[in-house]
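Working through the structure, step by step
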Amino acid sequence: QSRGLGDVYKRQALVSLRGGNISYLLFYFALLLPILAFLYSLYVFSRFKIVQEVSRVVVKAQEVPYRLLLANEDPLPFTHIRLRFFDSMVSMKPSDPGVISLMPHEKIRVDTQMYCKYRGTYPVGVKIVEVTDFLGLFTIPYPLMSQIRLTARPRIIPMEQLRVVLQEQDPKNTLFPVSRLQELPDFELRSYLPGDPIKYIHWKNSARAGELLVRKQMPEELFETILIMDLSPIDEEDEKRLQKEDNIIETALSFVHDYYLKNIPVRILFMEDTLHEMLVDASTGFEPFYDKCSDLSFASPYPLNQVWESVPDSSGCGSCILITASVTDELVRSVSEKQLAGMEALLINVGELAL
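Residues numbered from 1 in each chain as written. Predicted model: local features only at pLDDT ≥ 70, side-chain atom pairs only at ≥ 80, totals over all residues. Heavy atoms only, no water.

**A word on the sheet that holds strand β10 (residues 139–143)**
Spatially, four strands are ordered β6-β4-β9-β10 in an open sheet, and the strand pairing comes out antiparallel. The open sheet is flanked by β6 (99–102) and β10, the only strands paired with a single partner. Averaged over all pairs of adjacent strands, the angle between their axes in this sheet comes to 30°, without regard to strand direction. Bridge count for strand β9 (residues 126–132) against β10 is five bridges, and the pairing is antiparallel. (Pairing = 2+ DSSP bridges. Helix = DSSP H or I, 4+ residues; strand = E, 2+ residues; numbered from the N terminus. Axes fitted to C-alpha atoms, helices over the stretch in contact; angles between N-to-C directions.)

Below, the structure is given as structure tokens:
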């Protein structure tokens with residue numbers, strides 16, 4: 001910069017001493033060049049056309065197509081354009097297309113793949129457009145105003161895969177039967193009547209008896225499973241915190257989805273700002289809970305053991321699953337007391353799982 005100012009002073013001195021139209025023309029042109037270069041970068045940014053195409057709802061860790069359309073519809077060339085992408089929550093292939101130059105009326109289409117690292121709703125694609133002027137004096141970053149946001153839904157991990165991971169972490173871990181319905185004896189059957197739901201047909205005994213038999217329906221509270229998710233804040237750096245949050249959500253989804261396919265009702269409890277409850281059964285379906293899991297916030301004002309202790313003792317006739325990323329002595333003691341009182345409970349620590 002000092003050298004540049006020195007040159008300007010030299011030109012000014014030259015103009016003052018010698019004068020003349022050409023000297024003055026060159027002097028003022030040299031003064032205008034930086035302004036013209038800056039105006040050029042503004043012009044390129046305002047006229048540069050960029051279109052992004054990607055699904056607005058995806059599943060975490062699944063690659064999806066991402067298309068980038070770049071165009072110069074003007075008679076001037078656009079040079080030295082660099083795109084900066086959101087990369088904290090998303091990975092792309094390739095991650096950096098490099099410096100872009102577009103001749104007049106030229107268009108470029110880039111097709112690639114991207115995947116979301118974590119669940120949630122956040123911006124993806126181009127974050128900043130950097131434009132360098134034709135003299136290389138200015139590189140100005142312009143935040144892209146029309147950012148696209150997508151929702152990354154959590155994965156539904158098959159129960160068989162989750163069991164393997166849990167037993168690798170704790171070989172002594174044995175998951176309790178999915179429902180007391182599995183323990184009901186075969187004599188709790190009756191003949192099929194028109195209007196009975198097909199899902200209640202006991203196919204094995206029907207084949208043995210030579211007629212359609214359905215299992216008698218027991219009171220729902222006798223076999224309902226309660227699942228409690230720990231949504232208390234996780235004090236970790238961003239990457240570890242997001243991974244632990246996803247572990248809790250995806251483990252809960254694995255259990256709920258498996259039980260839903262087996263027609264076993266599950267009552268889910270979780271504490272955000274207040275205590276929330278959702279029922280997943282044949283009438284409510286699985287999708288409402290799955291949709292909710294995409295934007296659950298870990299902002300519970302109470303630890304899991306306090307939420308757990310608020311569950312009425314009358315629910316002890318069913319089974320209870322507690323999912324957390326941090327097991328405390330208070331939580332272990334509370335679960336042990338409930339187990340001694342006759343409740344069938346399972347405490348799952350997913351903090352260090354690699355799902």
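Let's pick the thread back up.
**As for the pattern of salt bridges**
What the rule picks out here adds up to 19 salt bridges. Note that R67 is salt-bridged to E53, the shortest N-O span being 4.0 Å. Of this pair, R67 sits in strand β3 (residues 64–71) while E53 sits in strand β1 (residues 49–53), and the two are 14 residues apart along the sequence. Its relative accessible area of 37% is what places E53 among the partly exposed residues. (Salt bridge = Lys/Arg side-chain N within 4 Å of Asp/Glu carboxyl O. Buried < 20%, exposed > 50% of the residue type's maximum accessible area, 1.4 Å probe, protein only.)

**Notes on the packing of aromatic side chains**
A complete count under the given rule lists five aromatic pairs for this structure. When the ring of F286 is compared with that of Y290, the centres are 5.8 Å apart and the planes differ by 20°; the resulting orientation is stacked. Classification of F286 as buried rests on a relative accessible area of 6%. Residue Y290 is classed as buried on the basis of its relative accessible area, which comes to 6%. Every member of this aromatic cluster is reached through a ring pair, and the members are Y260, F286 and Y290. (Phe/Tyr/Trp six-rings, centres within 6.5 Å; stacked < 30°, edge-to-face > 60°.)

**Let's talk about unusual backbone geometry**
What is expected of a backbone is that most residues other than glycine have negative phi and most peptide bonds are trans. Residues other than glycine seldom take positive phi values, yet A61 does so here, at roughly 70°. Tracing the chain through its elements places A61 in the loop between β2 (57–59) and β3. Phi at H105 is positive, roughly 65°, even though this residue is not glycine. Within the secondary structure layout, H105 lies in the loop between β6 and β7 (107–116). H105 sits in the exposed class, given a relative accessible area of 57%.

**A short note on a nonpolar patch on the surface**
Taken together, the side chains of L32, I35, L36, F38, L39, L42, F134, L135 and L137 make up a nonpolar region of the molecular surface, amounting to roughly 780 Å² of accessible area. Counting through the fold element by element, L39 comes out in helix α2 (residues 21–47). L39 gets classed as partly exposed once you look at its relative accessible area, which sits at 45%. (Patch = residues over 30% accessible without salt bridge, like charges linked within 9 Å, V, L, I, M, F, W, Y side chains within 5 Å. Areas by Shrake-Rupley, 256 points an atom, 1.4 Å probe, with all protein chains shown as cover.)

**Let's talk about the sheet that holds strand β18 (residues 344–349)**
Strand order in this open sheet of five strands is β16-β15-β14-β17-β18, and the pairing throughout is mixed. The sheet is open, and its two edges are formed by β16 (275–280) and β18, each paired on a single side. For this sheet, the mean angle separating the axes of adjacent strands, direction not counted, is 20°. Two strands pair when backbone bridges link them, and strand β14 (residues 225–229) and strand β17 (residues 319–324) are joined in this way by five bridges, in the parallel orientation.

**Quick word on the nonpolar core**
Ranked by internal contacts, the top residues of the largest apolar core, which has 36 residues, are L227, M229, I248, F255, V256, I268 and F289. At the level of secondary structure, the elements contributing two or more residues to this core comprise α3 (159–169), β14, α5 (238–261), β15 (266–271), β16, α6 (287–293), β17 and β18. Leave out the neighbours within four places in its chain, and I248 touches M229, D230, I234, F298, I323, T324, A325 and V350. (Core = buried A, V, L, I, M, F, W, Y, C linked by side-chain atoms within 4.5 Å. Contact = heavy atoms within 4.5 Å.)

**A look at the pairing of strand β11 (residues 148–153)**
Pairing of β2 with β11, which is carried by three bridges, proceeds in the parallel orientation. Within the sheet, the bridge partner assigned to V59 lies in β11 and is R153. Of the pairings in the sheet, the one linking strand β8 (residues 120–124) to β11 comprises five bridges and is antiparallel in character. Each bridged residue has a counterpart across the sheet, and for P123 the counterpart in β11 is R149.

**Comments concerning helix α8 (residues 329–340)**
A rise of 1.5 Å per residue sets the reference length of α8, with its 12 residues, at 16 Å; its end C-alpha atoms lie 16 Å apart and thus fit the reference within 8%. Every buried residue of α8 is accounted for by L331, S334, V335 and K338. Looking straight down α8, one finds that the buried residues subtend no more than 95° of arc, so they occupy a single side. Exposed residues lying more than 90 degrees from the buried face of α8 are D329 and L340. Where α8 is buried, its residues meet α7 (304–309), β17 and β18. Just downstream of α8, G342 is the residue with a positive phi angle, here 105°. (Expected span 1.5 Å × (residues − 1). Arc of directions from axis to C-beta.)

**Digging into the side chain of T132**
As for its placement among the helices and strands, T132 is situated in strand β9. Here T132 falls in the buried class, since its relative accessible area comes to 16%. Within polar-contact distance, the side chain of T132 engages the side chain of T139 at 2.9 Å. (Polar contact = N/O pair within 3.5 Å; in protein donor to acceptor, adjacent residues only side chain to side chain.)

**Considerations on the confidence of the model for the protein chain**
Here the protein chain averages 81 in pLDDT, and 81% of its residues register 70 or above. With pLDDT under 50 throughout, residues 178–187 is counted as low confidence; its partners more than four residues away or in other chains account for 24 contacts. Every residue in residues 218–222 scores below 50 in pLDDT, and together they form 10 contacts with partners more than four places removed in sequence or on other chains. (pLDDT = per-residue confidence, 0-100.)

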